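Each chain, written out:
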Amino acid sequence: MTSLRGLLSGIMWTAMGVGLVLGLGCAASPNVAGEAWGGGTILDVETRRPVSSSEWLASLGEADVIYIGEEHHNREHIKAALRILQSLVDQGRRPVLGMEMFSWDGQAALDRQVSRAPPSEDDFLDESKWKQNWGGAFDDYAPLVQFARAHGLRLRAWNAPRPLVRTIAKEGLARAMSSNDVRAWGMVENDIVDDDAYRTTIIGQLKACHGGGGDEEGYRRMYEASLFRDEAMAKTIADEYRANATAGVKNQNGSPIVSYTGSGHIQYGLPIPQRVSRRLGDGVKQVTVYLASFEPARTEEIAELMNGRVADFIWLTAIGAHGPPRRC
């Protein structure tokens, strides 16, 4: 994966405690170097220091793919994503917005939603199969859809349909890959690459989240479902990138891809970014942004994420209305 580190070398580092001002009002907390962190701070994981928000946002216009990883149903993270999208539009870019929250079987509904005569919200949710594939309050994610419509941006469904993923979790990947459903969605011809680093990370997290009490066969099937989803989303991103290149609208002409998923799908570059790189080659310029709600008690946890290089940047936000996310 080609990093934007060189392209970001001109960013000015902020003085102590300076972060992106979003009016979030989180209390500051010192990091291991004695600097202040707070809601709105954007941390460069390599240098472990805050960056200038305005210059950092401007630098993202040079990326081919920008991965934003959220805590689900946190509206503060939607606000952060909107700041990135607005900055790209202000730079004259025409970003493509892809979302994990929508699946391939709802793409036609997304196309209509950003058209001149979109359906009603109820019809849109029905046609996009929102309840079947994601569920929860659509209001949490509506601002992203509304932004795409307001600016005439391409809106893409990243995810494989949930019934297909459930089949893998129930029957295992080998059996499911021979099914007509997998064949119908064009995944049979795609490599599903199982690598040690990814396996160790995902299975470790699955066991932590489920208390380690499950059977190994069950964990294997859950892992394979996760692997399939990440390969499916990577395929969709790579297909979008190639389609843009074929149409002559690569990022050089203003169409970076903005990927909005849960943070687990971008962590350490393993789930989606490295799979996109495998498909497109090292020349694609990718940057990962890990959104994390912040409170002073989480300082050491954030430091550990930086030590492990969870992403290129960590953007600290206020805690969402649903409270702190579950850590497991």
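Structure first, text after, so check above.
What counts as what
- Residues numbered from 1 in each chain as written.
- Predicted model: local features only at pLDDT ≥ 70, side-chain atom pairs only at ≥ 80, totals over all residues.
- Heavy atoms only, no water.
- Patch = residues over 30% accessible without salt bridge, like charges linked within 9 Å, V, L, I, M, F, W, Y side chains within 5 Å.
- Areas by Shrake-Rupley, 256 points an atom, 1.4 Å probe, with all protein chains shown as cover.
- Salt bridge = Lys/Arg side-chain N within 4 Å of Asp/Glu carboxyl O.
- Lys, Arg positive; Asp, Glu negative; His and termini not counted.
- Charge placed at Lys NZ, Arg CZ, Asp CG, Glu CD.
- Helix = DSSP H or I, 4+ residues; strand = E, 2+ residues; numbered from the N terminus.
- Phe/Tyr/Trp six-rings, centres within 6.5 Å; stacked < 30°, edge-to-face > 60°.
- Buried < 20%, exposed > 50% of the residue type's maximum accessible area, 1.4 Å probe, protein only.
- Pairing = 2+ DSSP bridges.
- Right-handed = clockwise from strand over helix to strand, strands pointing away.
- Axes fitted to C-alpha atoms, helices over the stretch in contact; angles between N-to-C directions.
- Parallel < 35°, antiparallel > 145°, perpendicular 65-115°, else oblique.
- Left-handed = near helix turned anticlockwise from the far one by under 90°.
- Contact = heavy atoms within 4.5 Å.
- Nonpolar A, V, L, I, M, F, W, Y, C, P; charged D, E, K, R; others polar.

On the surface, Glu121, Asp122, Asp123, Asp126 and Asp139 cluster together into a patch of negative charge. Tracing the sequence through the fold places Asp122 in helix α4 (residues 121–127).

In this section: the packing of aromatic side chains. Counted by the stated rule, this structure contains twelve aromatic pairs. A centroid spacing of 5.8 Å and a plane angle of 55° characterise the contact between Phe102 and Phe124, whose relative ring orientation is tilted. Separated by 22 residues along the polypeptide, Phe102 in strand β6 (residues 96–103) and Phe124 in helix α4 bring together distant segments of the chain. When its relative accessible area of 1% is taken as the criterion, Phe102 is described as buried. Taking relative accessible area as the criterion, Phe124 reaches 1% and is therefore assigned buried. A network of ring pairs unites the aromatic residues Phe102, Phe124, Trp130, Trp134, Phe138, Tyr141 and Tyr260 as a single cluster.

Right, let's talk about the pairing of strand β10 (residues 313–317) for a bit. Within β10, five of the five residues are buried, which leaves the element mostly enclosed by the surrounding structure. Along β10, one buried face is formed by Phe313, Trp315 and Thr317 and the opposite face, lined by Ile314 and Leu316, is buried too. With three bridges joining them, strand β3 (residues 42–44) and β10 adopt antiparallel strand pairing. Residue pairing across strands places Leu43 opposite Ile314, the latter belonging to β10. Note that strand β9 (residues 286–293) and β10 share five bridges and pair parallel. Bridge pairing links Leu291 to Trp315 in β10. Handedness of the β9-helix α13 (residues 299–307)-β10 crossover: right-handed.

Time to look at the packing of helix α11 (residues 216–246) against helix α12 (residues 273–280). Contact geometry for α11 and α12: axes closest at 8 Å, N-to-C directions at 45°. Classified by the interaxial angle, the pair formed by α11 and α12 is oblique. The way α11 lies across α12 gives a crossing that is right-handed. Contacts between α11 and α12 involve Leu227, Asp230, Glu231, Ala234, Lys235, Ile237, Ala238, Tyr241 and Arg242 from the former and Arg275, Val276, Arg278, Arg279 and Leu280 from the latter. Broken down by class, the residue content of the contact of α11 with α12 amounts to seven nonpolar, no polar and seven charged.

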